[in-house]
Number of protein chains: 4
Amino acid sequence: MEDTLQIRVGCRFSGSAIERSPTVFQLQPCTGDAHEILEESWRTEPDVARHEYCDSYGNRCQRLTVPPGEFMLRYDALVRTPATLDPADPAAVELAPADLPDDVLIYTSPSRYCFSDEMAATAEELFGTTPPGYGRVEEINTFVHNHLEYKMGTSTSLTTALAAYERGAGVCRDFAHLAVTFCRALDIPARYTFGYLPDIDKKSLYPMDFHAWFEAYLGDRWWTFDPRNNDRRRGRIVVGRGCDAVDVALATTYGNATLNELSVWSDLA
Amino acid sequence: MEDTLQIRVGCRFSGSAIERSPTVFQLQPCTGDAHEILEESWRTEPDVARHEYCDSYGNRCQRLTVPPGEFMLRYDALVRTPATLDPADPAAVELAPADLPDDVLIYTSPSRYCFSDEMAATAEELFGTTPPGYGRVEEINTFVHNHLEYKMGTSTSLTTALAAYERGAGVCRDFAHLAVTFCRALDIPARYTFGYLPDIDKKSLYPMDFHAWFEAYLGDRWWTFDPRNNDRRRGRIVVGRGCDAVDVALATTYGNATLNELSVWSDLA
Amino acid sequence: MEDTLQIRVGCRFSGSAIERSPTVFQLQPCTGDAHEILEESWRTEPDVARHEYCDSYGNRCQRLTVPPGEFMLRYDALVRTPATLDPADPAAVELAPADLPDDVLIYTSPSRYCFSDEMAATAEELFGTTPPGYGRVEEINTFVHNHLEYKMGTSTSLTTALAAYERGAGVCRDFAHLAVTFCRALDIPARYTFGYLPDIDKKSLYPMDFHAWFEAYLGDRWWTFDPRNNDRRRGRIVVGRGCDAVDVALATTYGNATLNELSVWSDLA
Amino acid sequence: MEDTLQIRVGCRFSGSAIERSPTVFQLQPCTGDAHEILEESWRTEPDVARHEYCDSYGNRCQRLTVPPGEFMLRYDALVRTPATLDPADPAAVELAPADLPDDVLIYTSPSRYCFSDEMAATAEELFGTTPPGYGRVEEINTFVHNHLEYKMGTSTSLTTALAAYERGAGVCRDFAHLAVTFCRALDIPARYTFGYLPDIDKKSLYPMDFHAWFEAYLGDRWWTFDPRNNDRRRGRIVVGRGCDAVDVALATTYGNATLNELSVWSDLA
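Values in this document were obtained by computation on a predicted structure and should not be read as measured data.

1. Quick word on the relation of the copies chain D and chain A
Inference 1: Mapping chain D onto chain A leaves a residual RMSD of 0.0 Å; the transformation is a rotation of 180 degrees accompanied by 0.0 Å of translation along its axis. Taken together, the turn and the small shift mark the pair as related by a two-fold rotation axis. Residue glutamate 40 of chain D of chain D places its C-alpha closer to the rotation axis than any other residue of that unit, at 2.6 Å.

2. Some thoughts on the sheet that holds strand β13 (residues 251–253) of chain C
Within a sheet, each strand pairs with its neighbour through backbone hydrogen bonds, oriented either parallel or antiparallel.
Residues and elements named next belong to chain C.
Inference 1: In space, the 4 strands of this open sheet follow the order β4-β5-β2-β13, with antiparallel pairing throughout. Both edges of this open sheet fall to β4 (50–54) and β13, since each of them pairs with a single strand only. Taking each pair of neighbouring strands and ignoring which way they run, the sheet shows an average axis angle of 25 degrees.
Inference 2: Where β4 and strand β5 (residues 60–66) come together, 5 bridges link them in antiparallel fashion. Note on β5: the bridge partner recorded for arginine 50 is leucine 64.

3. A word on helix α2 (residues 134–147) of chain A
Inference 1: With 14 residues, α2 of chain A extends 20 Å from end C-alpha to end C-alpha; this agrees with the ideal 20 Å at 1.5 Å per step.
Inference 2: Among all positions in α2 of chain A, only Tyr134, Arg136, Val137, Ile140, Asn141 and Val144 of chain A are buried.

4. Quick notes on the interface of chain B and chain A
Inference 1: On the side of chain A, 30 residues touch chain B, which itself brings 30 residues to the contact.
Inference 2: Summing the contributions of chain B and of chain A, the shared interface buries around 2400 Å²; its carbon and sulfur component is 56%.
Inference 3: When the buried surface of chain B facing chain A is broken down by residue, Arg63, Arg112 and Tyr254 of chain B rank first, second and third, together holding 27% of it.
Inference 4: In this structure, the connection of chain B to chain A is made through 6 salt bridges.
Inference 5: We note a salt bridge from glutamate 118 of chain B to arginine 112 of chain A, for which the minimum N-O separation is 3.4 Å.
Inference 6: Where chain B meets chain A, there are 16 residue pairs in polar contact (both at pLDDT 80 or more).
Inference 7: Looking at the side of chain B that touches chain A, the elements with two or more residues in it are β2 (21–25), β4 (50–54) and β5 (60–66) of chain B.

5. Some points on the sheet that holds strand β13 (residues 251–253) of chain B
Residue and element names in this part refer to chain B.
Inference 1: One open sheet holds the 4 strands; their spatial order is β4-β5-β2-β13, and the pairing between them is antiparallel. Two strands in the sheet have a free side with no partner beyond their single neighbour: β4 and β13. Within the sheet, the average angular offset between the axes of one strand and its neighbour, ignoring direction, is 25 degrees.
Inference 2: Two strands pair when backbone bridges link them, and β2 and β5 are joined in this way by 5 bridges, in the antiparallel orientation. Paired with threonine 23 across the two strands is leucine 64, which belongs to β5.

6. What about the relation of the copies chain B and chain A?
Inference 1: At an RMSD of 0.0 Å, chain B and chain A line up after a rotation of 180 degrees and a shift of 0.0 Å along the axis.
Inference 2: Both copies contact each other with a shared surface, as 100% of the interface residues of chain B are interface residues in chain A too.

7. Concerning the side chain of arginine 63 of chain D
Inference 1: Tracing the backbone through its elements, the reader meets arginine 63 of chain D in strand β5 (residues 60–66).
Inference 2: A relative accessible area of 12% means that arginine 63 of chain D is categorised as buried.
Inference 3: A polar contact of 2.9 Å, which involves the side chain of arginine 63 of chain D, links it to the side chain of aspartate 102 of chain C.

8. A closer look at the packing of aromatic side chains
Inference 1: Applying the stated criterion across every chain, the model contains 62 aromatic pairs over all chains.
Inference 2: With a centroid separation of 5.9 Å and an interplanar angle of 90 degrees, the aromatic rings of tyrosine 134 of chain A and tryptophan 223 of chain A are classed as edge-to-face. Here tryptophan 223 of chain A lies in strand β11 (residues 221–225) and tyrosine 134 of chain A lies in helix α2, a separation of 89 residues in the sequence. Assigned by exposure class, tyrosine 134 of chain A and tryptophan 223 of chain A land together as buried.
Inference 3: Seen in terms of ring centroids, phenylalanine 127 of chain D and phenylalanine 182 of chain D are 5.2 Å apart; in terms of plane orientation they differ by 65 degrees. Their pairing is edge-to-face.

9. Thoughts on the interface of chain D and chain A
Inference 1: On the side of chain A, 18 residues touch chain D, which itself brings 17 residues to the contact.
Inference 2: Taken over both partners, the interface formed by chain D and chain A buries close to 1500 Å², and the fraction arising from carbon and sulfur atoms is 40%.
Inference 3: Linking chain D with chain A are 2 salt bridges.
Inference 4: Here aspartate 47 of chain A makes a salt bridge to arginine 80 of chain D, at a shortest N to O gap of 3.1 Å.
Inference 5: Counting the contacts that link chain D with chain A gives 11 residue pairs in polar contact (both at pLDDT 80 or more).
Inference 6: Going through the elements one at a time, β3 (36–45) and β4 (50–54) of chain D are the ones with two or more residues in the side of chain D that touches chain A.
Inference 7: When residues in the side of chain D that touches chain A are grouped by element, the largest group, 7 residues, is from β3 of chain D.
Inference 8: Tallied by class, the residues present in the side of chain D that touches chain A amount to 6 nonpolar, 3 polar and 8 charged.
Inference 9: Relative to β3 of chain D, strand β3 (residues 36–45) of chain A is paired through 3 bridges, and the arrangement is antiparallel. Across the sheet, glutamate 39 of chain A pairs through a bridge with serine 41 of chain D, a residue of β3 of chain D.

10. A short note on the environment of alanine 179 of chain D
All names here are of chain D.
Inference 1: Assignment of secondary structure puts alanine 179 in helix α4 (residues 172–185).
Inference 2: For the pair alanine 179 and threonine 84, spaced 95 residues apart in sequence, the C-alpha to C-alpha distance is 24 Å.
Inference 3: Those residues in contact with alanine 179 that sit more than four places away from it in its chain are Ile140, Val144, Phe214 and Pro227.

11. What about unusual backbone geometry?
One can expect most non-glycine residues to show negative phi and most peptide bonds to be in trans.
Inference 1: Cis geometry is adopted by the peptide bond preceding proline 46 of chain A, which originates at glutamate 45 of chain A and carries an omega value of -5 degrees.
Inference 2: We note that asparagine 230 of chain B has phi near 50 degrees; this positive angle belongs to a residue other than glycine.
Inference 3: Position of asparagine 230 of chain B relative to the elements: it lies in the loop between β11 (221–225) and β12 (237–242).

12. A short note on the environment of aspartate 201 of chain B
Residue and element names in this part refer to chain B.
Inference 1: The topology assignment puts aspartate 201 in the loop between β9 (190–196) and β10 (210–218).
Inference 2: Accessibility expressed as a relative area gives 33% for aspartate 201, which makes it partly exposed.
Inference 3: For the pair aspartate 201 and arginine 234, spaced 33 residues apart in sequence, the C-alpha to C-alpha distance is 7.9 Å.
Inference 4: A polar contact of 2.9 Å, which involves the side chain of aspartate 201, links it to the side chain of arginine 234.

13. Looking at the pattern of salt bridges
Inference 1: In total, this model carries 68 salt bridges over all chains according to the counting rule given.
Inference 2: For aspartate 226 of chain B, the salt bridge is made with arginine 236 of chain B, and the minimal N-O distance between the two is 3.1 Å. In this pair, aspartate 226 of chain B is assigned in the loop between β11 and β12 and arginine 236 of chain B in the loop between β11 and β12, connecting sequence segments 10 residues apart.
Inference 3: A residue is classified by how much of its surface remains accessible, and arginine 236 of chain B, at 10% relative accessible area, is buried.
Inference 4: Each of Asp33, Arg191, Glu215 and Arg241 of chain A takes part in a single network of salt bridges with overlapping partners.

14. Let's talk about the confidence of the model for chain A
Inference 1: Considering every residue of chain A, the mean pLDDT works out to 94; 98% of them sit at 70 or more.
Inference 2: Under the prediction, the complex receives an ipTM of 0.95, its pTM being 0.93.

15. Here's the deal with the pairing of strand β9 (residues 190–196) of chain C
One face of the sheet, then the other: side chains in a regular strand alternate in exactly this way.
All names here are of chain C.
Inference 1: Counting buried positions along β9 yields 7 of 7 residues, so the element is predominantly enclosed.
Inference 2: When β9 meets strand β10 (residues 210–218), the two strands line up antiparallel, connected through 7 bridges. Looking across to β10, one finds that arginine 191 is bridged to glutamate 215.

16. Quick look at the packing of helix α2 (residues 134–147) of chain B against helix α4 (residues 172–185) of chain B
When two helices pack together, you describe them by how their axes are tilted relative to each other and by the distance separating the axes.
Residues and elements named next belong to chain B.
Inference 1: At a closest axis distance of 9 Å, the pairing of α2 and α4 adopts a crossing angle of 140 degrees. In this structure, α2 meets α4 at a crossing whose hand is right-handed. In this structure, α2 contributes Val137, Ile140, Phe143, Val144 and His145 to the contact, and α4 contributes Phe175, Leu178, Ala179, Phe182 and Cys183.
Inference 2: For the contact of α2 with α4, a count of residues per class yields 9 nonpolar, 1 polar and no charged.

17. Observations regarding the arrangement of the chains
Inference 1: Separated throughout, chain A and chain C approach each other most closely at a C-alpha pair spaced 10 Å apart.
Inference 2: As for chain D relative to chain B, no contact occurs, and the smallest C-alpha gap between them is 10 Å.

18. Details of the side chain of glutamine 28 of chain D
Residue and element names in this part refer to chain D.
Inference 1: Checked against the element boundaries, glutamine 28 lands in the loop between β2 (21–25) and β3.
Inference 2: With a relative accessible area of 2%, glutamine 28 lands in the buried category.
Inference 3: Only 2.7 Å separates the side chain of glutamine 28 from the side chain of glutamine 62, close enough to count as a polar contact.
Inference 4: Those residues in contact with glutamine 28 that sit more than four places away from it in its chain are Glu40, Trp42, Glu52, Arg60, Gln62, Tyr75, Val238 and Val239.

Calculation rules
Residues numbered from 1 in each chain as written. Chains lettered and ligands numbered in written order. Predicted model: local features only at pLDDT ≥ 70, side-chain atom pairs only at ≥ 80, totals over all residues. Heavy atoms only, no water. Least-squares fit on C-alpha atoms with pLDDT ≥ 70 in both. Pairing = 2+ DSSP bridges. Helix = DSSP H or I, 4+ residues; strand = E, 2+ residues; numbered from the N terminus. Axes fitted to C-alpha atoms, helices over the stretch in contact; angles between N-to-C directions. Expected span 1.5 Å × (residues − 1). Buried < 20%, exposed > 50% of the residue type's maximum accessible area, 1.4 Å probe, protein only. Contact = heavy atoms within 4.5 Å. Buried area = accessible area lost by both parts, 1.4 Å probe. Salt bridge = Lys/Arg side-chain N within 4 Å of Asp/Glu carboxyl O. Polar contact = N/O pair within 3.5 Å; in protein donor to acceptor, adjacent residues only side chain to side chain. Phe/Tyr/Trp six-rings, centres within 6.5 Å; stacked < 30°, edge-to-face > 60°. Nonpolar A, V, L, I, M, F, W, Y, C, P; charged D, E, K, R; others polar. pLDDT = per-residue confidence, 0-100. Left-handed = near helix turned anticlockwise from the far one by under 90°.

Given below as structure tokens:
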């Protein structure tokens, strides 16, 4: 098992609810990637029942109902993952739409935060003459990295890629949304990706543990791109994937719960 | 087989493409509903290869590539379906979010055309004091029916439910999107539904064959609502369902094809 | 659309039931293969309700209840399929079990008619020294072709591959079961395949329309082998696939129905 | 969280392999049941890569390759589960085959170890006149409990339910197979179930931790029956379900590995 990293990931929520607040959490390293979960533990105070299911994107979801009053949830996992950088292949080609696999087509469509239809002209203007292929997605990635200023508080849960583009600022989620939008506008399948990003090589531009990036389908597989960091990284642990942040959220709450504190970890073990 | 109807449904596209234009068609009565397909036929001119797959919503999709030049596609089916009106149950209850089945949760989220997050305050204002349950969805249905003027040409493929609401006009797709949006804003799962609607009882407000409506999850099942007609109907044949019109479209084209003519039929056989 | 064949396939059952007899039919060309269905029709006398579903192998199944008395079911389809012979590649390799895709593993296990565990020593003795790869599956195919005498009436719905092997006779279903059993005993994934086989080149050893054969997973895909004919053919139309004939049957009946007549067609159109 | 039990389950394998031996393990409490996993850990010596997938029955499977030489695998989990006895309902009815859900039909078919076709006459003779319903499955359960003597070493991985029946002896797996076979012969859907059974109330007839039992579909759900113990129990933790032991096995090995020691635990925490 040389060439692997052991990474401890997890998070701790605490807050309070004024009524029973059903919540779906997406916190666990996903199934099917190269990483393995060696240890995993959940704790809530007070103890509440939790129920796991798999959504239509294959993401692992945990449902529970936050009871009225103070609440704490802690999730922790020890994960082993290859020590290599995010794979890359400058020779990977854009497929003609007719050649895309059936189950990839969904990632060419517009979605809640990614109006690839509305931004088609912008994408065409910016990247229409760039030679197709891996390099074009890299160019999109770099463009988004440079165009958006990273600034907490500039975006809300309603902010679309278009809005972030116009404002010129956002958080990692907006960076991912905007790059996804440009890709789809050019018929390149792209999906929003969410997970843990340890800062193994001390290169992060901003302290982060939970992070959002995206994947583009080129050649015969998905490739990782990170418009916030614009850099290949080691130890990325995917939690979930989907069309955009609607499909992959740390926590989706129905009810009236307040988050007081969130701490996240993602460190070499 | 008393109490069934035989309905002939289908459509004929003709148009031309200036380049190879990969297209996904959703034209066939869906699998799993109460209807049965007795006969079915496809024809294209020129002959092109066609490939069937099932998307993540369970919809049947047909992929083919429209070649450059003139093109015609004809689909025809003879379907048998129960002769009854759309089922209804005024006693059907809204479930608490904690009680919704896992696979229904996706239909409480916002989507490309249905900003249930952004319209939450409007929904609350309009329907927040209405007693929950089947009657509240009926009220939403009637509100949308009355609020929107049916007017071809008032909406495009970019028109959201919010935009239609503000303009006060739209086509059946906008009617469906708006009602779906209100439902989701109130945590009532709602899905966009597309299919054939024969005018058996001569009650349609406007000639239609392809039609869009929606379904809401109440009690332990999905119920049909049609904000355009605001009426229960016989002989409705579902083609597909999804979060909104992104997921269920007659034809999704990658390329440059022009539709010259579309005729649709949906008649008692 | 050069290099395609149009083939009319279908069948007509008639019989009678002394009680309501629920039945599952598997008659339709499958989804996902290279063929396309151009026309399709169903008829029953008397008319009965029919319900389609997809089983866990992805096979299309039609459920209906044969009513007491005389009954007739007729299914007919016009199918277009590539005009080429069954693909073959002598260079295709056997994968080490560690390299098999997850969803292929199920086809290395024993099943109702294929006791690959019990026949392991026989398989080892017969084929253990044959060089692994496509050629070994061909050798199994030829062995079964020569070892079994094709003889209607030598096997029943209880006949296992082992029993057919010992008796030295069987029908196409037994040929397929035996070859599947040998493959699995050698850790080569193999699945039972059922469908229509038109005799386009007048090479069939016996009149047949419905036919059973098998597929083996070598390299990165499934390859067709036909131990009954021991020959590559054109126009094969798959209806279904599974571990063995339990999973793919023309008709599975619960109740007491008698089949009086079955005619099957599979002809160039 | 009153009325729950915390149970520590797990096992430790050690052995040696003379060649690389790919193995699929099924050890984890399943997803979708009422239990929750609070902690979970894996360890192997030497360290090897492990890969999780979900099979077509929804079971969680872990693939790894045992390297040549000594090997150890240890899995441990802390699980919370309702403190109640296996649910039971003497009023639950047998459904007519026409009324069974589509996805339940597969559990009426014969399988590798369960020749419900071949044992149809025996089942009819023994239980044909018993009134249908939950009580009939109880009667089958009690019959198997009494007919088979529990005796380690009386059965092998080739032993079918029929063979166990004729010999009058077997282990828990044979008890389950025989009861499943009788149920299916009477068109009652039945599935083989495997998991951990803590002996909370000190009622086990034999020390056991891993255990096999079965479930029958009556009314609108699956019910637990345990022919080995012939008793309702608390704290049962399901690992997997399938047609028979082919589909749910502690370990399925391709290669040449020897198990030297297996210890299993399933205790109140």
